[in-house]
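Structure at a glance
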Amino acid sequence: MNITWFFITVCKLLQIYRGGKPRIKNISSDVDRQLIMHKYAYKSDTTCISNLRMTRRCFTKLCDMLQTLGGLRTSRHMDIDEQVAIFHHIIAHNVKNRVMISRFQRSGETISKIVSRVCNAVIRLHPHLLKKPEPVTENSTDQRWKWFKNCLGALDGTHIKCLVPLKDKPKYRTRKNDIATNVLGVCSQDMQFIYVLPGCEGSASDGRVLRDALIRPHGLKVPRPCYYLVDVGYTNGEGFLASSRGHQPTTPKELFNMRHSSARNVIERCFGILKARWRILRDNSYYPIDLKNKIIMACCLLHNYIRQEMTTDPFENHFELDEGNGDVGGGDYDNITSVGVSTEWTTFRNKLAQNIFNLLLLHALFHLIIIFIKIVGVMEKIRNYRNWTITEDAKLVEALVNMVNIGGFKIDNGFKSGYLLHPENALKEKIPNSGILGKPHIESRIKTIKKDWQVVYDMVNGTNTSGFGYDSSTHYVTAEPAVHKEAGKWRNTIFSHYEDLCIIFGKDRAQGNKANDFAQMEEDASNEEQSEQIEDVFEEQTTENEESPNTGSKKRKRVDAVIKGITIAAKVLGEKLEKAANSMNQAILGETEVQKKLHWSRLGELCEFENNE
C-alpha cells in the first residue's frame, strides 16, 4: 500500500515539474529584449562595429535586404533585426550556443535555427553582393595594376579549420596537421570576392581545387583574353598568369616578379581582412562541415557588403602590406643637416663592404654544400634502385592488403612507423633469396605505386567523369589526358591492382564531395526553408490543441516527444492506480465495518448471557 502511494506521488511530482518548468525564452520581457538590442546594435556606431562588424545604417539596410531579397521572415516572438544580430555576433566572435543563450535570453534550439535561417538568407543575396569582374584598362592609373592590362583580379586558396566526422579526417588533414577545408577565393582589384568555392578537403592541392571550379556549371568563368594573377603554386597557362621564381629585381624577369607580387597580394590581404572580421573563420567552430561551408560563403558575401556600403573598412589598415613611401615623419631626432667627407664614415663603409663580401662567400659556400648533398642523395638513390618485376609487385600489393585487413598499421596520413617489417617478412617467405629490404626497396616502391595510383584515381573518379573508366577484368584505363598533368602516361594503358590499391590508399584521397558553390547552396537553402515551413505549420496546429485555457497564453510549448509520452503514460498510470487504491480502501473500510458490527453483536450476546446467569 505504501509503495503504491509512493509511486503515485513520484508520478504527480514529475508531471508538475515538467508542466511548470520555466523556460529561458519566457524570462525576458519585450522591454528587456529592446535593451539587449540597444546594447548590441543601436547604442552607437562604435558599439555596432565592435559587436556586429558594421555601422547602424548598414545593419538596418542589411535587415531590409534579407527580408525583401533573402526571404528571411519574422517569427512569432522574434523580429528580423534580432535574428541578424544573433547571427552576426556568432560569426564575428565565434561564441558557443550556451553563451548566446545567456546574452540574448533565447533557447538553444532557437539560436541554432536562427544560424541556419539567416545564413541561407545571406546566400540568396549572392547575385547582388558578388563583385562583377572588370578587366584593367589600358589607361589605368593604379600603380599596382596598370602593368597588367585585361587582368580581372587575383585568386588563391586558404585553409579554414572545420569539424568533420572521424572517418573523413585523413582527407581533411593539411600539411600542418590541421583538420581544415581548402577554400578557393577569387577577388577583384578592390578586395571584393568574385567567386568562392569552400568545402574541398584540406589535403587537396590548390591546382586541383581550381580545376574543380572551372568545370562546374556555375563555376569560375575566365573570358578570353582576360586572366587572373596566381602564385607559383599554380600552372602558368592561358587565363592564369603566374610569377617566375626570383629574388631582387636586377633583370626584367625579376622586375616583373616584383610588380606581380605587389598586385597579386590583394588576395592575401583580402583573406587577412576576412579572417580578422569574422573570427569563426580563424578558430575551430562548433558546426558540422556542411553548415560551416555555408557560413564561409555567407562571411565572404557580408565582406563584400561591408566594403560596398562603408566608406572605410575598419579592418583594412591592420592587414594591408606597408610597402613604404619614403615619409619618415616628425619627431625629435638627431637628423643629418650637412654633407661632407668623414673619416669615421669611410671606415664604416669599408667594414660594411667587407661584411657584404663575407656574406656572399658564405652564401656561395652554402649553395656548394646543398649541391654536394643533392649529389650524395642522387648517388644513394642510384645505389638503392631496384627494378621490380611483375611478380614482386603482385606479392608486395598482396602483403599490403593483408596488412590492412589485419588492422593496427594504418593512421590518418599513411602507415605507422615500423610497418615495413611486415611486407619485408612476407616477401622473404614468398620470394626467397630476392634480397628485397624494407628500407630502401619497399619504402621507395610504395611511394611510386601510390603516386601512380593517385593519378589513375583522379582520372577515374574526377568531378567530370565522362570519357573516363576502368575495366576490372582487363585492368584497362580509359581517360582524356587533360584530366591530370601526368594522365598521359596511363591513358589507354593497363594499370594492375587498382582495386587492391584503393583498399590500401583509398581513405587518404580527397574527392571534393562536400564542395558547393553559390547555386548549389541556394538550392539547399530553399529545400531547408520548405522543410522548416512544414514543421512550423505542424507545430502551430499542435500548439493550438495544447493551449491551456486557464492561463490564456498563446505562446507555443515545445515539449520533447519522449518526455511528453512519458508524462502522459505516468498520468494515465497514476489515475489507474489511484482508482484501484480508492476501490481497495473502500473494500477495506467495508470489511472493517462488518468486523465492527460482528464484534458489537457478539459483545451484546455475551452481556445478555451474563445477565441471564
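What counts and what doesn't
What you see as residue numbers is a count from 1 along each chain, following the sequence as written. In view of the model being predicted, local features appear only for residues whose pLDDT reaches at least 70, and side-chain atom pairs are presented and counted only at 80 or more, with totals across whole chains, interfaces and linings using the full set of residues. Hydrogens and water molecules were not included; the side-chain quantities draw on all heavy atoms of the structure. Two rings from Phe, Tyr or Trp (for Trp, the six-membered ring) form a pair when their centres sit within 6.5 Å of each other. Planes less than 30 degrees apart are called stacked, planes more than 60 degrees apart edge-to-face, and all others tilted. Put simply, DSSP H or I for four residues or longer makes a helix, DSSP E for two residues or longer makes a strand, and each gets a number counted from the N terminus. Relative accessibility thresholds used throughout: buried, under 20% of the residue-type maximum; exposed, over 50%; partly exposed, between the two (1.4 Å probe, protein chains only). We define a nonpolar core as any set of buried Ala, Val, Leu, Ile, Met, Phe, Trp, Tyr and Cys residues linked to one another through side-chain atoms lying within 4.5 Å. Residues count as neighbours in contact if any of their non-hydrogen atoms are within 4.5 Å of one another. Two strands qualify as a pair provided that DSSP identifies no fewer than 2 bridges between them. Axis definition: a line fitted to C-alpha atoms, limited for helices to the stretch in contact. Angles are taken between N-to-C directions and run from 0 to 180 degrees. Roughly parallel refers to an angle under 35 degrees, roughly antiparallel to one over 145, roughly perpendicular to one between 65 and 115, and oblique to any angle outside these ranges. The sense of a crossing depends on the near helix, which, turned anticlockwise from the far helix by less than a right angle, makes the crossing left-handed and, turned clockwise, makes it right-handed. Three classes are used: nonpolar for Ala, Val, Leu, Ile, Met, Phe, Trp, Tyr, Cys and Pro, charged for Asp, Glu, Lys and Arg, and polar for all others, with Gly counted as polar.

Take the packing of aromatic side chains next. Counted by the stated rule, this structure contains 3 aromatic pairs. Measuring from ring centre to ring centre gives 6.0 Å for Tyr42 and Phe59, while their planes differ by 65°; the resulting arrangement is edge-to-face. Note that Tyr42 is positioned in helix 2 (residues 30-42) and Phe59 in helix 4 (residues 56-68), a separation of 17 residues in sequence. On the accessibility criterion, Tyr42 (32% relative accessible area) is partly exposed.

Membership of the largest hydrophobic core comes to 77 residues, with the highest contact counts inside it found for Phe59, Leu66, Trp278 and Ile295. Excluding anything up to four places from it in sequence, Leu66 contacts Gly71, Leu72, Val84, Val118, Ala121, Val122 and Leu125. In terms of nonpolar packing, the next biggest core, distinct from the first, is built from 24 residues, Trp388, Leu420, Ile442 and Ile504 among them.

This next bit is on the environment of His128. On the secondary structure map, His128 appears in helix 8 (residues 126-129). Beyond its immediate sequence surroundings of up to four residues, His128 is in contact with Leu69 and Gln308.

Reading across the sheet, the 5 strands line up as 3-2-1-4-5 and stay open at both edges, with mixed pairing between neighbours. Since the sheet does not close on itself, it has two edges, and those belong to strand 3 (193-201) and strand 5 (240-242), each with one partner. Across the sheet, the axes of successive neighbouring strands diverge by a mean angle of 25°, strand direction being ignored. Contacting strand 1 (151-161), strand 2 (180-187) and strand 3, helix 12 (residues 266-277) crosses the sheet at an angle of about 45° to strand 1. Helix-sheet contacts for helix 13 (residues 289-309) involve strand 1, strand 2 and strand 3, and the interaxial angle to strand 3 is about 165°.

Packed helices, taken two at a time, are described by the angle between their axes plus the distance between the axes. Here helix 15 (residues 390-406) crosses helix 16 (residues 421-430) at 130°, and the two axes come no closer than 9 Å. Judged by the angle between their axes, helix 15 and helix 16 are oblique. Where helix 15 crosses over helix 16, the two elements pack in a sense that is right-handed. Judged by residue contacts, Glu392, Lys395, Leu396, Glu398, Ala399, Leu400, Asn402, Met403 and Ile406 of helix 15 engage His422, Pro423, Ala426, Leu427 and Lys430 from helix 16. Classifying every residue of the contact of helix 15 with helix 16 gives 8 nonpolar, 2 polar and 4 charged.

Moving on: the packing of helix 3 (residues 45-52) against helix 5 (residues 80-93). Viewed as axis vectors pointing N to C, helix 3 and helix 5 meet at an angle of 65°, and their least axial separation amounts to 8 Å. Of the residues in helix 5, those in contact with Ser50, Asn51 and Leu52 of helix 3 are Ala85, His88, His89, Ala92 and His93. The residue inventory of the contact of helix 3 with helix 5, partitioned by class, reads 3 nonpolar, 5 polar and no charged.

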